[in-house]
Amino acid sequence: MAEAHSAVAFSFSITHEGWDVNFDREVLHLVWQSGVRSWKKRLARFKNNIKNGIYPAPLQSLWAIVAILAAIHFAKYGIVHAAINKILVLLPGLSVLWQLVACTILGVIVWLTMIYTIRYTLKLLLMYKGWMYEERGRGRVISSRTKIWFMLVKILSGGSKPLLYSYQGSLPRLPLPSLRDTLTRYLRSVRPLLKDEDYTRMLKLAEEFENGIGVKLQRYLMLKSWWATNYVSDWWEEYVYLRGRSPLMVNSNFYGIDAILVEPIYSQAARAATVINICLQFRRLIERQELQPILIQGFVPLCSWQYERVFNTTRVPGVETDRLVHYTDSNHIVVYHKGRYFKVFIYFRGRILKPCEIEVQIKQILADDSPPAKGEEKLAALTAGERIAWAAARQEFFFKGLNRQSLDAIEKAAFVVALDDFPYEFDVQDPSKLDRYGQILLHGKGYDRWFDKSFTLCVGSNGRIGFNAEHSWADAPVMSHMWEYIVATEFDDGYAEGGHTKGTPEFTPPSPIRLHWDLSPPCLAAIDKSYQVALNLLNDVDLRAYMHNAYGKGFMKECRISPDAYIQMALQLAYFKDAGRFSLTYEASMTRLFREGRTETVRPCTIESAAWVRTMISNNTATVEEKVRLLQTACKMHQVAYQDAMCGKGIDRHLFCLYVVSKYLEVDSPFLNEVLSEPWRLSTSQTPHGQTPKMDLKKFPKCISAGGGFGPVADDGYGVSYIVAGEDLLFFHITSKRSSPETDSSRFAMHLEQSFADMKNLFLEWRRLQQQKNQKQ
C-alpha cells in the first residue's frame, strides 16, 4: 500500500549490532520541497503585506523622499536641516554616514505620515456614495461634487498597481442605519403584503419596539459597529450558516454550470486536467495577491476578503455549530470516481503539474477498475445529511486510525473533483436535459459530492463541467469570478488536436493514491441513515432551468430601464400569476463596498410594483401609458432600494443583528420575532459576470456560463437564480419542492415567459402610440 510505504519513509532502530537508520530519499525530497515552498509563500506573504500596508505609494517613493531630504539637509536649508540636527543629537556620531542615517529616519517618518494621510483621505472619500444614485450614460449630467470626488479618488489610488488586498485598509466600515430609518423602510416594504388590520397591528408593534427595547438594542449594536470591522458579517456567518443544523445539500450549497453554448472537449480526462490546472493557477494568483481587485466603474474597489478561503477550506460539523477550517497550503486534491477516493498530488519537482501531466493522473484513475469498499461509495452522504448526525459519526468513527488519515486527505485537499460516469447534456430542443444538468450539480446522487468542501469540481463523462459550492465561506460572486476565469482561460488556451491537452509531460507525474477506509457496521448504518435523508431531500426538488432567448438586456436598455429591475418586475408578475397573491421577496445584493461586506436583502415586492402588477392582471380601464408609467416608477423604486442596500442602508441585516443582540440579552421582542419568522416564498439572485478582464464577450459572445442556482428557501416557495448572458439571452434556474401543492417550477417558468412577452408587447404598443402622437404633432 502506498500510504503504508510513506509511513515508513524514515525509521530508526537500535539492535545488538548497533543503531540502524532507514529512509526513503524520494519521500524526504518531497518533504524538503514542501518546506521550501512553504517558506517561499511566507516570504511572499510578508512582502505583499508590506506592499499592502503602504499602498497606494510604491516602495521606491521612500528612497526618493530620503534623497530629497538629504539634499535639503546638506544644503543647510530651513526646517528639514533643523529636524535632522535634532535627530543627530540622539545618534552616536556626526559623520556623513550618521547624517545619512538621520536623513533616512526623518524620511521614513515623513513617508509614513504621507502614506497614512493618503490612506485615511482615500477612506473618507470612499465613504461618499452619492455617485451610486446618479444616472450614467448618454445625455446624463454628473454633478460637480461627483466629478471632483472621482478626480480625487483616481489621484490618490493611482500611485502603483494594486494587489488583491491593497484596498482593504482603505475600505470604510459598514455604517449602522438609524432605528427610525430601518423601521420606516420595513413598514413600507410589507404594506402591499398585509391587510389593513394586519398592517395596523404591525405599525403598533414597530412603534412599541422603537420606543422600548429597540433603543437599548441599537446602543449595543452601535458599540459593536465602532469596535468590529463589520457589525454584520461574523454573526451572519455564524448564525445563518454555521449554526444551521439542516442538510447543506439543496438547503445551503449552490451550483454553477458550464458555458453550454460552446461545444465541449469530449475527453473527460483532458477537460478535467485543464480545468484543475486553471483552478491551481487561480489559487496561485490569490496566494501571491496578483489577482486584480474588482473595481466598480474602474476605480471604486470592492472588498476582497472572501477570496482567502476559496481553496484549502472545509466546513467541519459540530453538534451545536460547525466551524470553517482553512489550511494555509495544500499540495494535493482528492478525486472521486465510481465510489472510490484518490489523493492526487498537484506539485512535483517544485512546480504545479501541467495539464498534460494531470491528464496522465486522471487517466490512471479512469482506468482503475478496483471496486469500492463496502460503504465507501455512499460515504459522502454523511456530508449531505443532518449536521448533528454527521458530527456524531465523525467523532465516533473518523477520529483516529485509517479513517482519520483518509478524512484528513479530503478535508486538507485544495478542492475535490468528482468524475461522473454519465454525461452532462444540453439541447435547445429538449429543455429537460438542462433541468437534469442542474439537478446533477445541485445534489447529484446525494453521495457523489463532498458537500463540506469549499467547492467540488464536477466533470461529466462527455467533458462538460460544473461545480457545487458550500456557502458559508463566501458568496456566489466569488465563485462566479473563478468560474469566469476558468472559462475564459480555457477558451484562450485551447486544446491539442484529438481533444487532448497541449504539451508533453516532462516526467512521469506522481501516481494517484487510493484512500482506504475501515467502515464498521454502525458506521455503515450511519451512512445509510444520512443517505436516506439526502435521498428524500433530492427527490423533493423540482428544478427547471429555463433559457429565455426571445430578447434580453438589449431591449430592456432600449426601454431605459435597468435590466435587473426589469427582470425583478417580470418575476413579480409571474409570481402573482402563479400564486394569485404577492409574497415577501428576497433579492441578494452585495455590501462589498465596505470592509468584510457580504450581502444585503433587497425587497422587490413594493407598493409601486404591486400597483403595476394589479393593472397588468385586472381587466380595468388602465391605459397603456398608465401601465408603462407605473412600471417605470416601480423599476426606479427598485433601483433606489438596490442602491440603498449596497450603500449600507438595507433593512434585513440591521434587523437580524438587533435580533441577535436581543437573544444575547435574553429579552423578547414580539416585533423582531414576527419579522424574522416571515417566510421568503420568492428568493432570487442574479449571477454576476464580467468580473475578469480575460472575458471578452464582444469577441466571443458564447463564452459565458449558463449561471447556476440554489434550492428553495421556503417549503412552499421558489428559488430563482438568473444570469444576463447576452443582449438577447437570459438563463433562469427555478427550484421548488414537489411536496408543496402550491408550487410547480415548470408552471412558474411558463408564467415567467408569458410575463416577459406581456412586458415587451406593452412597450412596443407604447412606442407605437408615441410615434402616432409625434406624427400628429
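Coordinates for the structure precede this section.
This structure is a prediction, so every number in the text was calculated from the model and none was measured. Throughout this document, residue positions are counted from 1 along each chain, in the order its sequence is written. Per-residue local features are limited, in this predicted model, to residues with pLDDT of at least 70; the limit for side-chain atom pairs, both in listing and counting, is 80 or more; totals at the level of whole chains, interfaces and linings are taken over all residues. Think of the side-chain values as coming from all heavy atoms in the structure, minus any hydrogens and water.

> An account of the pairing of strand β18 (residues 599–602) is requested, with residue identities and associated values reported.
Going residue by residue along β18, you find Thr599 and Thr601 tucked away on one face and Glu600 and Val602 tucked away on the opposite face as well. In this structure, strand β17 (residues 585–590) lies alongside β18, joined through four bridges in antiparallel fashion. Looking at the pairing, Ala588 lines up with Thr601 of β18. The cut-offs for exposure are 20% and 50% of the maximum accessible area for each residue type, with area from a 1.4 Å probe on protein chains only; residues under the lower value are buried, those over the upper are exposed, and the others partly exposed. Helix and strand definitions follow DSSP, with helices as H or I runs of at least four residues and strands as E runs of at least two, each counted in order from the N terminus. Only strands that DSSP links by at least two bridges are regarded as paired with each other.

> Tell me about the sheet that holds strand β3 (residues 254–257), residues and numbers included.
The strand order across the open sheet formed by eight strands is β15-β9-β8-β12-β13-β14-β3-β20, and the pairing between neighbours is mixed. Edge strands, defined here as strands with exactly one partner in the open sheet, are β15 (513–514) and β20 (708–709). Sheet analysis places β3 next to β20, joined by two bridges and oriented antiparallel. Its bridge partner lying in β20, Gly256 is registered against Gly708. The contact definition used throughout considers only heavy atoms, calling two residues in contact when any of these lie within 4.5 Å. Only the stretch in contact is used when a helix axis is fitted, and all axes are lines through C-alpha atoms; the angle between N-to-C directions ranges over 0 to 180 degrees. The sheet strands contacting helix α16 (residues 431–442) are β3, β13 (455–459) and β14 (465–469), and the helix crosses β3 at an angle near 135°. The strands touched by helix α17 (residues 476–493) are β3, β13 and β14; relative to β14, the strand with the most contacts, the crossing angle is about 155°.

> Account for the environment of Gly709, naming residues and giving values.
Among the structural elements, Gly709 can be located in strand β20. A residue is classified by how much of its surface remains accessible, and Gly709, at 3% relative accessible area, is buried. When the C-alpha positions of Gly709 and Tyr424 are compared, they lie 16 Å apart, and in sequence the two are 285 residues distant. Apart from residues no more than four positions distant in its own chain, Gly709 is found in contact with Phe254, Tyr255, Ser721 and His733.

> Describe the packing of helix α20 (residues 563–579) against helix α25 (residues 745–776), with residues and values.
It is the contact of α20 with α25, at a shortest axis distance of 8 Å, that shows an interaxial angle of 125°. In terms of axis orientation, α20 runs oblique to α25. Relative to α25, the crossing made by α20 is right-handed. Contacts between α20 and α25 involve Tyr566, Ile567, Met569, Ala570, Leu571, Leu573, Ala574, Tyr575, Lys577 and Asp578 from the first element and Arg747, Phe748, His751, Leu752, Gln754, Ser755, Phe756, Asp758, Met759, Lys760 and Phe763 from the second. Residue classes in the contact of α20 with α25 are distributed as 13 nonpolar, three polar and five charged. Oblique is the label for any angle not under 35 degrees, not over 145, and not in the 65 to 115 range, which are roughly parallel, roughly antiparallel and roughly perpendicular in turn. Helix crossings fall into two classes, left-handed where the near helix is turned counterclockwise from the far one by less than a right angle and right-handed where it is turned clockwise. Residue polarity follows a fixed list, in which Ala, Val, Leu, Ile, Met, Phe, Trp, Tyr, Cys and Pro are nonpolar, Asp, Glu, Lys and Arg are charged, and the others, Gly among them, are polar.

> Can you tell me about the side chain of Asp564, naming the residues and giving the values?
With respect to the helices and strands, the residue Asp564 is situated in helix α20. Charged residues are defined here as Lys and Arg on the positive side and Asp and Glu on the negative side; His and the ends of the chain fall outside this count. Salt-bridge detection follows one rule: a side-chain nitrogen of Lys or Arg within 4 Å of a carboxyl oxygen of Asp or Glu. For the buried residue Asp564, which engages in no salt bridge, the nearest side chain bearing the opposite charge is Lys553, 12 Å off. A polar side-chain atom of Asp564 sits 2.9 Å from a polar atom in the side chain of Gln686. Here a polar contact is recorded for every N or O atom pair within 3.5 Å, except that within protein the pair must consist of a potential hydrogen donor and a potential acceptor, and residues adjacent in sequence are included only if both atoms are side-chain atoms.

> Outline a nonpolar patch on the surface, supporting the account with residue identities and numerical values.
The residues that make up patches have over 30% relative accessible area and no salt bridge, and they are joined within 9 Å when like-charged or within 5 Å when they are Val, Leu, Ile, Met, Phe, Trp or Tyr. For accessible areas, the Shrake-Rupley method is used with a probe of radius 1.4 Å. Any residue's cover is judged against the shown protein chains and nothing else. Together, Ile148, Phe150, Met151, Leu152 and Ile155 give the surface a local cluster of nonpolar side chains, amounting to about 460 Å² of exposed area. Mapped onto the secondary structure, Met151 falls in helix α6 (residues 144–156).

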